[in-house]
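Residues per chain are reported as follows:
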Amino acid sequence: MALYNLGAEQSILGAILIEPELVSVGNQFNLSVYDFFHPQHQIIYKHMQKLYERNEKIDPVTLSSELTNHDHLDKVGGVAYLTSLVTVVPSVSNISYYIRIVKDFSMKRSVHEMLATTSKNIKSMDQKSLITFSEDFKSMIMDNSNSEDLVVNASKVSISVQRGGILTGFAGLDALLGDGLNFGTLTVLTGSPGAGKSTFLNQIIANAISNGFNSFLYSGELTYEMCMDWFTRTVANPQHLLNYTSNMGKYAKVSDEGLEMITQWVDDKLFFYSKEAKADEANISHAIEYLATKKNVKLFVLDNLMTLDCSGNDKYEKQIIAVKSLKRLAKKYKIVIVLVAHSNKNSMMNKEPHVFEISGASEIPNLADYVLKASREGREPETELFVLKNRITGSIRYKTMLTFDTARKRFFTKTGNELKKDFGYMPSYEQASFDSE
């Protein structure tokens, strides 16, 4: 059982040789010489600290001289080994991560040694000795672990954070929610099949992209092509919608020119979840973290909860694990996550909609910051949209009527502004002026 990480130890030393001021990061973490497992690394870090304390440069040349003066150069592998340390560092910016790894293994070695020593004497230890041992054991773990990461000094918290969030594009709803769906929140959207949840979400995604927020869509039921076809229908302006008639009736299709413009518009701004990847909470979480940190994605739409393949002993435990994970990610990366969840069978019988209409574990609405419901009666073109929970402003029981336009695949309110919305996918051109001679 190897209780050390060679790469992490080398990366710490190599990072310091590249950027000597990173010794201060080690000091912040109380990184000790004896946190290193390999003796040569203990020697190298000890002399790095000495150079740092004397305010001298730390590089392969000065460090070699320092080690030579103490007859330690050969013990650490010579100049060749010092030089090699610089080449193994994946990224100097990750030194905190490497230090955590080294300190974690250091703590585990101390635990192993303490337990081994105690096991030899356990037969002769009385109750008082065992209590003392348990207290020393706990104290040793607390002293050597990253316990400070569990708390935050309140004086270090800045309240000048980004306010507002992702606007839905429906003015009344955005005002009620508090400048749209706030960053760092989880929204659960529920409703019966055919109520227009996907259309509503397409408009939110389009509005987010038009306002400069990259977006992500996971659909457990639709192909990429179906998702893109539906989305482009929602986004397209009238001049790019071609009307056709078939045996099934009239329908609209986006022109080739419109498709090309919209496709260019969403390049590196809209991402779909891979159909090749398993849709479990681990993979979904990894995708969210990657897109939030590497692609600056701010809006994540997951459609729907029932199609996620999550761990747990039963379906309710699986759902709770998945929703808790999404909630944590929303807060950690200050993003907006919208999760679609079906309504339960009893929802059709309720006179007044409420948060516990969601099919699945009852904890789901408790974890959500917003709970929205879309409801539609029969084949009516109108959909009722309810706000059943609003943790941000506290305003609930909001209801608005949304009318569906079949050709444009959009909902609109009585003002009609949503139907007129130009999401800005068409490139704008400036008219050139020519000076006459």
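Residues numbered from 1 in each chain as written. Predicted model: local features only at pLDDT ≥ 70, side-chain atom pairs only at ≥ 80, totals over all residues. Heavy atoms only, no water.

What's the story with the packing of aromatic side chains in this structure? I'm lost.
Aromatic rings in a pair are described by how distant their centres are and how their planes are angled relative to each other. Taken as a whole, this structure holds 10 aromatic pairs when the rule is applied. On the numbers, 6.2 Å between centres and 65° between planes, the contact of Y97 with Y98 is edge-to-face. Judged by relative accessible area, Y98 falls into the buried class, the value being 6%. Taken together, the ring pairs in this structure connect F216, Y218, Y273 and F300 into an aromatic cluster. (Phe/Tyr/Trp six-rings, centres within 6.5 Å; stacked < 30°, edge-to-face > 60°. Buried < 20%, exposed > 50% of the residue type's maximum accessible area, 1.4 Å probe, protein only.)

Looking at this structure, how should I read the environment of R410?
When you line up the elements, R410 lands in strand β13 (residues 410–412). Between the C-alpha atoms of R410 and R233, which are 177 residues apart in sequence, the distance is 8.5 Å. Within polar-contact distance, the side chain of R410 engages the backbone oxygen of L419 at 3.3 Å. Polar side-chain contacts of R410 include one of 2.8 Å to the backbone oxygen of K421. (Helix = DSSP H or I, 4+ residues; strand = E, 2+ residues; numbered from the N terminus. Polar contact = N/O pair within 3.5 Å; in protein donor to acceptor, adjacent residues only side chain to side chain.)

What is the right way to look at helix α3 (residues 39–53) in this model?
An α-helix turns once every 3.6 residues. As a result, residues three or four positions apart point the same way. Look at α3: 21 Å from first C-alpha to last across 15 residues, which is about the 21 Å you get at 1.5 Å a residue. Regarding α3, the residues found buried are H41, Q42, I43, I44, Y45, H47, M48, Q49 and L51. Buried residues in α3 make contact with α1 (6–18), α2 (23–28), α4 (60–69) and α5 (78–87). Count one or two residues on from α3 and you reach N55, which has phi positive near 60°. (Expected span 1.5 Å × (residues − 1). Contact = heavy atoms within 4.5 Å.)

Teacher, can you tell me more about the pattern of salt bridges here?
As a working rule, side chains carrying opposite charge can pair if their charged atoms are close by. On inspection of all chains with the given rule, the structure shows 9 salt bridges. Residues K295 and D268 are paired through a salt bridge, measuring 3.4 Å at the closest nitrogen-oxygen approach. Linking K295 in the loop between α12 (281–294) and β8 (297–303) with D268 in the loop between α11 (256–265) and β7 (270–272), this pair joins segments that are 27 residues apart in sequence. Residue D369 pairs with K327 through a salt bridge whose shortest N-O separation is 2.8 Å. One end of the pair, D369, is in the loop between α14 (363–367) and β10 (370–375); the other, K327, is in helix α13 (residues 315–333), and 42 residues separate them in sequence. Across the pair, exposure class does not vary: D369 and K327 are buried alike. In the salt-bridge network here, residues are joined through shared partners; they are R54, E56 and E66. (Salt bridge = Lys/Arg side-chain N within 4 Å of Asp/Glu carboxyl O.)

Sorry if this is basic, but what is going on with the nonpolar core here?
Buried together is how nonpolar side chains tend to be arranged in soluble globular proteins. If you look at the biggest cluster of nonpolar residues, it comprises 45 residues, and the most contacted ones within it are F200, F231, W265 and L299. Looking at this core, the element that brings in the most residues is helix α9 (residues 197–210), giving 7 residues. Once residues within four sequence positions are removed from consideration, F231 is found in contact with N202, I205, A206, I209, I262, W265, V266 and L270. If you look at the next biggest cluster of nonpolar residues, it comprises 34 residues, including L3, L17, F29 and Y45. (Core = buried A, V, L, I, M, F, W, Y, C linked by side-chain atoms within 4.5 Å.)

I'm lost on the sheet that holds β7 in this one. Help?
One open sheet accounts for 9 strands, arranged β7-β4-β8-β9-β3-β10-β11-β12-β13; its pairing is mixed. In the strand order of this sheet, the two ends are held by β7 and β13, each with one partner. If you compare each strand with its neighbour and ignore which way they point, the axes differ by 25° on average. Looking at chain direction, strand β3 (residues 185–191) and strand β9 (residues 336–342) are connected through 7 bridges and run parallel. Its bridge partner lying in β9, G191 is registered against H342. Those strands touched by α13 are β3, β8 and β9, and its axis lies near 160° from that of β9. (Pairing = 2+ DSSP bridges. Axes fitted to C-alpha atoms, helices over the stretch in contact; angles between N-to-C directions.)

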